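Read off the chains here:
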Amino acid sequence: MSRAFFLSLLTFLLVLAGLAAGEARLLALAFPSAVFLLAALLRAPENVKLSAQRTLSAERVFSGEDVQVTLTVKNEGRDLEEVLLEDTLPDRLEVVEGSNRRLVRLAGGGSVKWTYTLCGKRGYFMLHAVRVTVREPLGLSAASQVLSTDGQLFIVPPVLRLRRVSIRPRRTRIFSGTIPARQGGPGVEFFDVREYQTGDSPRAINWRLTARHQQNIYANQYEQERVVDVGIILDGRRRTTEFGERSIFEHSVMATAALVDAFLSAGNRVGLLFYGKQIHWTMPGYGKLQGEKILHSLSRLEPGDSQAFNELFIPRRLFPAKSQLVLVSPLTPDDFHALADLRSKGYAVLVVSPDRVSFEASGLPPSGPVSLAQRIIRMKQQLFLRRLRGIGIQVVSWDVSQPFEQVARRELERRQIIQRGGL
Amino acid sequence: MTRFLAILFTLLGAGLVAAAFAVAGFILPAVLLFLFFVFWIFAFSRNWDWIHAPGLLLASGLAAFGLFLELESAYIFPGVFLSLAGWDLADFASRLRLASPEDDTRDLQRRHYLRLGLTLAIGVGLVLLAVNLQVRLPLGWMAALALLAAWGLGVLIKRLLQGN
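What counts, and at which threshold
- Residues numbered from 1 in each chain as written.
- Chains lettered and ligands numbered in written order.
- Predicted model: local features only at pLDDT ≥ 70, side-chain atom pairs only at ≥ 80, totals over all residues.
- Heavy atoms only, no water.
- pLDDT = per-residue confidence, 0-100.
- Helix = DSSP H or I, 4+ residues; strand = E, 2+ residues; numbered from the N terminus.
- Core = buried A, V, L, I, M, F, W, Y, C linked by side-chain atoms within 4.5 Å.
- Buried < 20%, exposed > 50% of the residue type's maximum accessible area, 1.4 Å probe, protein only.
- Contact = heavy atoms within 4.5 Å.
- Buried area = accessible area lost by both parts, 1.4 Å probe.
- Salt bridge = Lys/Arg side-chain N within 4 Å of Asp/Glu carboxyl O.
- Polar contact = N/O pair within 3.5 Å; in protein donor to acceptor, adjacent residues only side chain to side chain.
- Nonpolar A, V, L, I, M, F, W, Y, C, P; charged D, E, K, R; others polar.
- Domains from an automatic or database assignment.
- Expected span 1.5 Å × (residues − 1).
- Axes fitted to C-alpha atoms, helices over the stretch in contact; angles between N-to-C directions.
- Parallel < 35°, antiparallel > 145°, perpendicular 65-115°, else oblique.
- Pairing = 2+ DSSP bridges.
- Phe/Tyr/Trp six-rings, centres within 6.5 Å; stacked < 30°, edge-to-face > 60°.
- Lys NZ or Arg CZ within 6 Å of the ring centre and 35° of its normal.

Q: Whenever I open this one, the confidence of the model for chain B confuses me. Can you help?
A: It should be kept in mind that the predicted coordinates are not to be read in detail where pLDDT is low. For chain B, per-residue confidence averages 81 on the pLDDT scale, and residues scoring 70 or more make up 91% of the total. Element-level mean pLDDT values for chain B span from 70 in helix α6 (residues 139–163) of chain B up to 87 in helix α4 (residues 73–96) of chain B.

Q: Before we go on, may I ask you to explain the nonpolar core in this structure?
A: Soluble globular proteins: nonpolar side chains tend toward being buried together. One finds L7, L29 and F36 of chain A to be the most contacted residues of the largest nonpolar core, which totals 48 residues. Ranked by the residues each element gives to this core, the list is headed by α4 of chain B, at 9 residues. The contact partners of F36 of chain A, leaving out residues within four places of it in the chain, are L7, L138 and L140 of chain A together with L84, D88, L116, T119 and L120 of chain B.

Q: Just to check I follow, could you spell out the interface of chain B and chain A for this structure?
A: For an interface, size is often stated in terms of accessible area lost upon the parts coming together. At the interface, 52 residues of chain B touch 51 residues of chain A. Together chain B and chain A conceal approximately 4,500 Å² of surface at their shared face, both sides included; 72% is due to carbon and sulfur atoms. At the surface where chain B touches chain A, the tally comes to 7 salt bridges. The interface formed by chain B and chain A holds 7 residue pairs in polar contact (both at pLDDT 80 or more) in total. Of all elements in the fold, only α3 (52–68), α4, α5 (105–132) and α6 of chain B reach the threshold of two or more residues within the side of chain B that touches chain A. Tallied by class, residues from the side of chain B that touches chain A come to 32 nonpolar, 9 polar and 11 charged.

Q: I'm lost on the domain arrangement of chain B in this one. Help?
A: Per the domain assignment, the segments making up chain B are domain 1 (2–133) and domain 2 (140–164). Averaged C-alpha coordinates put domain 1 of chain B and domain 2 of chain B at centres separated by 25 Å.

Q: So what exactly am I meant to see when it comes to helix α10 (residues 368–390) of chain A here?
A: Owing to its 3.6 residues per turn, the α-helix brings residues three or four apart onto one side. Residue and element names in this part refer to chain A. Between its first and last C-alpha atoms α10 spans 33 Å; for 23 residues at 1.5 Å apiece the expected length is 33 Å, and the two agree. For α10, every residue scored as buried is listed here: Q381, F384, L385 and L388. G392 occupies a position one or two residues after α10 and carries a positive phi of about 90°.

Q: Quick question: what am I supposed to make of the packing of helix α1 (residues 3–21) of chain A against α4 of chain B here?
A: The axes of two packed helices give the description: the angle between them and the distance between them. Where α1 of chain A contacts α4 of chain B, the axes come no closer than 13 Å and their chain directions differ by 170°. In terms of orientation, α1 of chain A and α4 of chain B fall into the roughly antiparallel class. On the side of α1 of chain A, the interface is formed by R3, F6 and L7 of chain A, while α4 of chain B contributes L84, W87, D88, D91 and R95 of chain B. Per-class residue counts for the contact of α1 of chain A with α4 of chain B are 4 nonpolar, no polar and 4 charged.

Q: I tried to follow the side chain of E223 of chain A on my own but got confused; where do I start?
A: Residue and element names in this part refer to chain A. Note that E223 resides in strand β13 (residues 218–226). A distance of 3.3 Å separates a polar atom in the side chain of E223 from a polar atom in the side chain of R168. Residues in contact with E223, not counting those within four places in the same chain, are R168, P180, A181, R182, Q183, G185, P186, G187, V188, E189 and F191.

Q: Would you mind showing me how to read the sheet that holds strand β19 (residues 324–328) of chain A here?
A: In a beta sheet, neighbouring strands pair by backbone hydrogen bonds and run either parallel or antiparallel. All names here are of chain A. Overall, mixed pairing links the 6 strands, which are arranged β18-β17-β14-β19-β20-β21 in an open sheet. The two strands at the open ends of the sheet, each matched to only one other strand, are β18 (279–285) and β21 (394–398). Along the sheet, successive strands turn relative to each other by an average axial angle of 15°, direction set aside. As paired elements, strand β14 (residues 229–235) and β19 share 5 bridges and run parallel to each other. Bridging from a neighbouring strand, L234 pairs with V328 of β19.

Q: Mind showing me how you'd approach the pattern of salt bridges here?
A: Where charged atoms from two side chains of opposite charge approach closely, those side chains can pair. Scanning the entire structure with this criterion turns up 29 salt bridges over all chains. A salt bridge links R54 of chain A to D87 of chain A, with the nearest nitrogen and oxygen atoms 2.7 Å apart. You can see R54 of chain A sitting in strand β1 (residues 50–56) and its partner D87 of chain A sitting in strand β4 (residues 80–87), a full 33 residues away along the chain. For the pair R54 of chain A and D87 of chain A, a shared accessibility class is recorded, and that class is buried. Residue D91 of chain B is joined to R95 of chain B by a salt bridge in which the shortest nitrogen-to-oxygen separation is 2.5 Å. One end of the pair is D91 of chain B and the other is R95 of chain B, both in helix α4 and 4 residues apart, which spans about a single turn. When sorted by exposure, D91 of chain B lands in the same class as R95 of chain B, which is buried. Through salt bridges with shared partners, a single ionic network connects D79, E81 and R105 of chain A together with D107, R110, R111 and R115 of chain B.

Q: What is the right way to look at the side chain of S83 of chain B in this model?
A: Residues and elements named next belong to chain B. Looking at the secondary structure, you find S83 in helix α4. Residue S83 is classed as buried on the basis of its relative accessible area of 5%. Beyond its immediate chain neighbours, meaning those up to four positions away, S83 contacts F9, G13, A14, L56 and A59.

Q: Got a minute to help me understand the domain arrangement of chain A in this structure?
A: We note that the domain assignment places domain 1 (50–156), domain 2 (176–226) and domain 3 (229–411) within chain A. Taking only C-alpha atoms, the centre of domain 2 of chain A and the centre of domain 3 of chain A are 39 Å apart.

Q: Whenever I open this one, the sheet that holds strand β6 (residues 101–106) of chain A confuses me. Can you help?
A: In spatial order, the strands read β6-β4-β9-β10 (chain A); together these 4 strands make up an open sheet with antiparallel pairing. One side of each edge strand has no neighbouring strand; the edge strands of this open sheet are β6 and β10 (142–148) of chain A. Averaged over neighbouring strand pairs, the angle between their axes works out to 25° when direction is ignored. Examined bridge by bridge, strand β9 (residues 129–135) of chain A and β10 of chain A share 7 bridges and lie antiparallel to one another. Its bridge partner being in β10 of chain A, V134 of chain A is matched across the sheet by A143 of chain A. In the packing of α5 of chain B onto the sheet, contacts are made with β4 and β6 of chain A, and the angle to β6 of chain A comes to roughly 55°.

Q: Looking at this structure, how should I read helix α3 (residues 31–42) of chain A?
A: Given a rise of 1.5 Å per residue, 12 residues ought to cover 16 Å, and the 16 Å separating the end C-alpha atoms of α3 of chain A matches this to within 8%. Those residues of α3 of chain A that fall on the buried side of the exposure criterion are P32, S33, A34, V35, F36, L37, A40 and L41 of chain A.

Q: Honestly, the packing of α3 of chain A against α4 of chain B in this entry has me stumped. Any pointers?
A: It is at 10 Å that the axes of α3 of chain A and α4 of chain B come closest, and there the two elements cross at 35°. Residue-level contacts link P32, S33 and F36 of chain A of α3 of chain A to F81, L84 and D88 of chain B of α4 of chain B. The class makeup of the residues in the contact of α3 of chain A with α4 of chain B is 4 nonpolar, 1 polar and 1 charged.

Q: I tried to follow the packing of aromatic side chains on my own but got confused; where do I start?
A: Any two aromatic rings considered together are summarised by their centre-to-centre distance and by the angle between their planes. In this structure the tally under the stated criterion is 15 aromatic pairs over all chains. With a centroid separation of 5.4 Å and an interplanar angle of 85°, the aromatic rings of W281 of chain A and F319 of chain A are classed as edge-to-face. With a gap of 38 residues between them, W281 of chain A in strand β18 and F319 of chain A in the loop between α7 (287–300) and β19 connect regions that are remote in the sequence. Within the aromatic cluster, the residues linked to one another by ring pairs are F36, F37, W40 and F44 of chain B. Its guanidinium or amino end placed over the ring of F359 of chain A, R246 of chain A lies 4.3 Å from that ring's centre, counting from NZ or CZ. A cation sits over an aromatic face here: R387 of chain A above F336 of chain A, 3.8 Å from the ring centre.

Structure follows, in structure tokens:
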């Protein structure tokens, strides 16, 4: 019930009581509240003309970094006695210094300017509304409006630096890079020996072999290193990433950001496919600009369940044949067929799997049944991962209680020689 | 300061209304009012803003009942004025909670006190006029004036609520 309505009701009741009782003093009792109402009406805010302007110290920050927001609100109408200005913020943004609210008096033609500091979690935020409530001095009458401003903020996930990620797809691109190309030529690693040809460096001659064959001269060949196409697939299915109120999705996003950075730093062409409620595709590209594009995409992603597909569905037409695919997913046993299908089509597949079993168990109170259930599910998960390794898929199981860099250094930085399944 | 004044005015207002009853020998309403305002202080300290309206309603209702019983109006009218001021200041205090540390709340408070004082002074003047000025009107005139007052009040309230 608004204050004006309450006071009106009280006044009416007193007047009615006075009239009913025929008591003048009862009628007189209604005067103070009637004067209150009249005073409020005389000063009621009308034709409120306000405008707002917003500036941000940065439009793109990493998760956990501060952003300074400066707001200027100008009164282009008559004097306003009591103005509550409130910058409406999304839930995931937090004010760490200053205030997003001001309670001020704004003279006609005057303005108020203030700065406060925000911090938030990963996300894309539109900051475009300042809510204004203008009250007359007694606070009985109020006028509210929303002032529109420009402002958007990308809070991108933190990018962990990985030195290298060892992959070995069948097909490479023509530009030189760091991925072994299964072809002889200039390089570092020994690849093959062939007959010496004009133009070969004398330093490449394999003297030991040449000594055994008096007719021919043999030269060493090295394995060419080139850039490759890498398609990163981030699994955002709610049923694989969320456990009650806890979600492992942020860990997946963090791992994806680190992998994207590592692949792009090595000169590769990288694209990102997000698979959640909808499919979101970031076209492949090279370099820092592509890194920014993918970080911006990552900042917007939210887990959700697809209405169309029950199982993992990866549209192959998006990825060049025999290229490298990296799936970041907690995985469920149902995903086996989708991954086996990719392998059968010649893709090199790397799976980075945040360990859902340990993550879910860490949120449960320790007890005998929980421990037993955890052991059983872990065994099933390990069997599933073993099946994946059996068809030539490189699997990194990541216990998210450990830093991703540490796991990646142990599991991904070693050079892949030959894997089962015909890599 | 505003919170202190809100508590002071509300308690003085309720105390005066309770005193009017106590002086006339009606102890039960006085005790009930006293107990309610003990709870009101507790609720106010917990920032339960909904308590202010029932507080004013109770004080005004008992004041009206007291006038009907022809209790001492020297207690009743100041009691209602102070209760109204306390109700207004309690709400103003809750609005001031929304201010940031850099806001000039002193200026806002000064202006608010000025407006409140002026409004109450006009109210007091009108009440004094109404109590002391005795005009005998025929019944038809009285009915017409009552209807006019009700219509005026209705228009006033409608415009206020439309503004909100």
